[in-house]
Amino acid sequence: MKKVMILLAIVLTANVMMAQKKDRTDAFMYNKNKQYDRAITSIEKCVNHEQFLGMKPAERAKAWHYRGEIYYNVYMSAEFRETVPNALELAVESYGNCVATDQGYYESNRQDIFSHISEISRQFGQAGVEAWNNKDFVTASDKFYSAYQVMAGIGAVDIDDLSNAAQAALNGKQYDKAIEYLNELQSKGQDDVNIYKNLAAAYNGAGNADKAFEMITTGLEKFPGDASMIIEKVNIYLKQGKGTEAINDLLELNNLDPNNASILFILGTIYGDENNEGVYDSEKAIDFYKQALAANPNYSDAAYNLGGLYITLSNKLKAQANDLPLDKVKEYDELIGQATELVQAGLPYVKQAYEAQPNDDVKKVLKSMYMDLKMYDEAKALDAQ
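Right, let's walk through the structure included here.

Reading guide: rules and limits
- Throughout, residues of each chain are indexed from 1 in the direction in which the sequence is written.
- Since the coordinates come from a predicted model, pLDDT governs what is reported: local features require at least 70, and pairs of side-chain atoms require 80 or more to be given and counted, while whole-chain, interface and lining totals use all residues.
- Excluded from the side-chain calculations are hydrogens and water; all other atoms, namely the structure's heavy atoms, are used.
- Strands here mean DSSP runs of E at least two residues long; helices mean DSSP runs of H or I at least four residues long; both are numbered from the N terminus.
- Here the expected span of a helix is defined as 1.5 Å times the quantity of residues minus one.
- With a 1.4 Å probe rolled over the protein chains alone, any residue whose accessible area is under 20% of its type maximum counts as buried; one over 50% counts as exposed, and the rest are partly exposed.
- Any two residues whose heavy atoms approach within 4.5 Å are treated as being in contact.
- Here, a salt bridge means any side-chain nitrogen of Lys or Arg that lies within 4 Å of a carboxyl oxygen of Asp or Glu.
- Residues enter a nonpolar core if they are buried and are Ala, Val, Leu, Ile, Met, Phe, Trp, Tyr or Cys, with the set joined through side-chain atoms within 4.5 Å.
- Every axis in this analysis is a line fitted to C-alpha atoms, fitted for helices over the stretch in contact. Angles between the N-to-C directions lie between 0 and 180 degrees.
- Rotating anticlockwise by less than a right angle from the far helix to the near helix defines a left-handed crossing, while the corresponding clockwise rotation defines a right-handed one.
- For this scheme, ten residues count as nonpolar: Ala, Val, Leu, Ile, Met, Phe, Trp, Tyr, Cys and Pro. Four count as charged, namely Asp, Glu, Lys and Arg, and the remainder, Gly too, count as polar.

Further remarks concern helix α12 (residues 227-239). Taking 1.5 Å of rise per residue, 13 residues should cover 18 Å, and α12 covers 18 Å from first to last C-alpha, within 8% of that figure. At the C-terminal side of α12, G241 shows a positive phi close to 75 degrees.

This is the structure in structure tokens:
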């Protein structure tokens, strides 16, 4: 009787295994015929059966392989994608399980699996780009990091995806995540100026000024005089309300390198920012912007900022004029005349910035200046561009 019972157990186990293989085969055929809803039902029945782990590793790896293909195809199908919102993640999970379950099976099917994983990574990356373009940096960071992780799962490293994930996290003010990703970039051998600049920005955003300054110091030792590092150092100072320290640091650098247009531009930006209490000085800002343009005549940002500063000063005079009593006609005309002169002074710089790097924002500013100066033909010509 005992032998009969053992034999019966063996038969039952064999039948279960045959049933699971049938589910896997059905899933393969449904997938091939693009009947993805049925394919999902069959493959899930297979991999979630209580006896699934009793199958040979190669058999289980094959099931995970099929599951990966099914969910990948679901994601790529306009008809079925909405029915399984996390299809791409399930495909990644499946291929990961396939690789982990049987290395021999993976090696035998490496080309097919690798091509699918690469495409999945690309899809995550594309989703990251779309989110970035929509200013959804939190989602963009997650998608870029998923693209990186997918390739990392098969031993491939895509530095660009990891770098994009870090930058998106920083832009989305996810400072801890940005620090994590930037440190991971360093562990992969990346050691350029952007690593230190972004680490400084992330630590600064997280409120850790000491660590931010440590990154700045290290970065400037490796990349002395780099403008982006100096800007980040200034940002740290300004966040702490230390505008004077920022100015002093920049002036010292300016003395060492008087023709560095980037330093001159930063000085102009700081002096021209009314939010920098105790530092704001429009005359100094104009002077430094002009020095920056003298050092680099093609510095479009300096030209645009200088033109914008003239507009700001003009708008202040217009506001003063509008606040005058109605009987102060002479004073009103004088202020409006001075405001117009400031717009005229700024016009060449905004025009220069637009010609160097045409974009809609600068175009709008330039058109408003033309209209303000009653240069209607120029405004009309600008609209035609």
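Further remarks concern helix α7 (residues 137-152). Given a rise of 1.5 Å per residue, 16 residues ought to cover 22 Å, and the 22 Å separating the end C-alpha atoms of α7 matches this to within 8%. All of the buried residues in α7 are F137, A140, S141, F144, Y145, A147, Y148, V150 and M151. Contacts made by the buried residues of α7 are with α4 (87-101), α6 (110-133), α8 (159-171) and α9 (175-187).

Quick look at the pattern of salt bridges now. Counted by the stated rule, this structure contains 13 salt bridges. Close ionic contact of D26 with K22 constitutes a salt bridge, the shortest N to O distance being 2.9 Å. Note that D26 and K22 are positioned in helix α1 (residues 2-32) at a spacing of four residues, about one turn of the helix. Ionic pairing is found between K143 and E89, a salt bridge with its closest N-O pair at 3.8 Å. In this pair, K143 is assigned in helix α7 and E89 in helix α4, connecting sequence segments 54 residues apart. Relative accessible area serves as the criterion here: at 24%, K143 is assigned to the partly exposed category.

Before going further, it helps to spend a moment on the nonpolar core. Within the largest apolar cluster, 37 residues are counted, with the highest numbers of intra-cluster contacts made by V74 and I120. Sorting the residues of this core by element identifies α2 (36-47), α3 (57-76), α4, α5 (103-108), α6 and α7 as the ones contributing at least two each. When residues in this core are grouped by element, the largest group, nine residues, is from α3. Beyond its immediate sequence surroundings of up to four residues, I120 is in contact with Y72, L88, A91, V92, Y95 and V150. If you look at the next biggest cluster of nonpolar residues, it comprises 35 residues, including V234, A261, A321 and A339.

Quick look at unusual backbone geometry now. Backbone geometry places K34, a non-glycine residue, at a positive phi of 65 degrees. As for its position among the elements, K34 is in the loop between α1 and α2.

Another point: the packing of α4 against α6. Packing of α4 against α6 leaves a shortest axis separation of 11 Å and a crossing angle of 145 degrees. The handedness of the crossing between α4 and α6 comes out as left-handed. In this structure, α4 uses L88, E89, A91, V92, Y95 and C98 to contact α6, whose residues at the interface are I113, H116, I117, I120, Q123 and F124. Looking at the contact of α4 with α6, its residues break down into nine nonpolar, two polar and one charged.

In short, the description is geometric, and any link to function would need to be established separately.
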